[in-house]
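This is what each chain is made of:
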Amino acid sequence: MPAASMARFARRAGQRLRTPAARPFRGTLRRTVMTTRQSDEEVLVGDPLKAKPEQRSPLVFVSAYTNIDILAHQPAGDNALFGFYVYKMNTTTGGLTLTSVDKGMENPAFSRYHPTKNILYTATESIHENGIVAAYDVDPESGVLTERAQQDAGGASTCYLTIDRDEENMLFVNYWDSTLGTFPLNDGTPVDNVKLIETKFDAADAVTKRHPAPKAGEQRKHSLNDPETAAERQTSAHAHSIVLDPQDGTVAFVPDLGQDCVHQYLFDAKTGHLEHRGKIPSDETKDGPHGPRYIEFHRELNVAYLINEMSCTVAVFKFDPSVRSHAKPLKKTHTNTRVDPLATPSDNAPAD
């Protein structure tokens, strides 16, 4: 990811404020624009002229790596001084104004904004210890973050968060040891009742041992995309995200970078339980490795898009919302059907 440069000065409360982030920093931003709710109407960034004046400044949260020595990969650049940089966006000009910074957690790698509350959740990334999911109250004007609660994710390199349709559960995945799970949300606050499972590996459903953690200063080969690295990354399962189906949110799709597949789990919102219901190949049109990373559903069509990081392709799937049953396993040939793979050969590794 190219290094980003931060503005040296910002306006806040009528004063000129020097920011400590003039040097390049390394950040991981998953959901780029997350708007705070200042009224019952949602801010539409794409149509700013229809929004009220006070609604035209959504907050933008940029999370950054503060300790690159404990990551599974080796980014270029230096450690960031702060974990979060919060901006206000002018949706007419696209300009960003820095409003606050927060040291926060170490290596906040993925963030998710609550659908109806001013709460920001972030997951930390480390190969040496379990990830933490932290919840922050957000000041809708200044973007200042105040920690509300923390929850241990039960696995290393926590890399994705999803809130269910009823806003009562948080679903998450841990990349390094390929575990995934859920915990309840009580009025937006994490509750210490984690239900954790391991991603099944190979036909025998045997889970392999977690990769040994690289020593300090050692090259993180997961940042490379050469054949040797690709082979090493696929010696075990690596769940990379978890996304609920758009129909009723009862099926969780989990791309597995280590196995070139997308797992399907039946999700029970009342209990938070995830039950494995089969898997589908990430690409049947050509040999791998593909390394599926993220899956996203179209807002209007029954179509899903899957990013294959290692093969640098985007696979397009047809989603059939009528083929879901609580009584029998989901069949991969019915739930998702290949439509048209879009190949983009490259030495790069797409992320979001």
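Note: the structure precedes this text.
Residues numbered from 1 in each chain as written. Predicted model: local features only at pLDDT ≥ 70, side-chain atom pairs only at ≥ 80, totals over all residues. Heavy atoms only, no water.

Quick look at the sheet that holds strand β7 (residues 119-124)
- Taken together, 4 strands build an open sheet; the order of strands is β6-β7-β8-β9 and the sheet is antiparallel. Of all strands in the sheet, those with a lone pairing partner are β6 (108-113) and β9 (145-156), marking the two edges. Sheet twist, expressed as the average angle between the axes of neighbouring strands with direction ignored, equals 20°.
- The pairing of strand β8 (residues 130-138) with β9 spans 8 bridges and is antiparallel. In the sheet register, alanine 134 faces β9, and the bridge partner there is glutamine 150. (Pairing = 2+ DSSP bridges. Helix = DSSP H or I, 4+ residues; strand = E, 2+ residues; numbered from the N terminus. Axes fitted to C-alpha atoms, helices over the stretch in contact; angles between N-to-C directions.)

Some details on the environment of arginine 293
- Note that arginine 293 resides in strand β19 (residues 292-297).
- In this structure, the C-alpha to C-alpha distance between arginine 293 and isoleucine 307, residues 14 residues apart in sequence, is 5.6 Å.

Considerations on the packing of aromatic side chains
- Using the criterion set out here, one finds 10 aromatic pairs in the structure.
- Pairing phenylalanine 253 with phenylalanine 319 gives two aromatic rings, centres 6.3 Å apart and planes at 85°, and the pair type is edge-to-face. Within this pair, whereas phenylalanine 253 is found in strand β16 (residues 251-256), its partner phenylalanine 319 is found in strand β21 (residues 313-319), the two being separated by 66 residues in sequence.
- Relative accessible area serves as the criterion here: at 2%, phenylalanine 319 is assigned to the buried category.
- Judged by centre distance (5.3 Å) and plane angle (75°), the rings of phenylalanine 297 and phenylalanine 319 are edge-to-face. (Phe/Tyr/Trp six-rings, centres within 6.5 Å; stacked < 30°, edge-to-face > 60°. Buried < 20%, exposed > 50% of the residue type's maximum accessible area, 1.4 Å probe, protein only.)

Points about unusual backbone geometry
- The phi dihedral of serine 157 falls on the positive side, at around 55°, and the residue is not glycine.
- Looking at the element boundaries, serine 157 is found in the loop between β9 and β10 (158-163).
- Residue serine 157 is classed as buried on the basis of its relative accessible area, which comes to 1%.
- Even without a glycine there, the phi angle at aspartate 187 is positive, about 55°.
- Turning to its location among the elements, aspartate 187 is positioned in the loop between β12 (179-186) and β13 (189-190).

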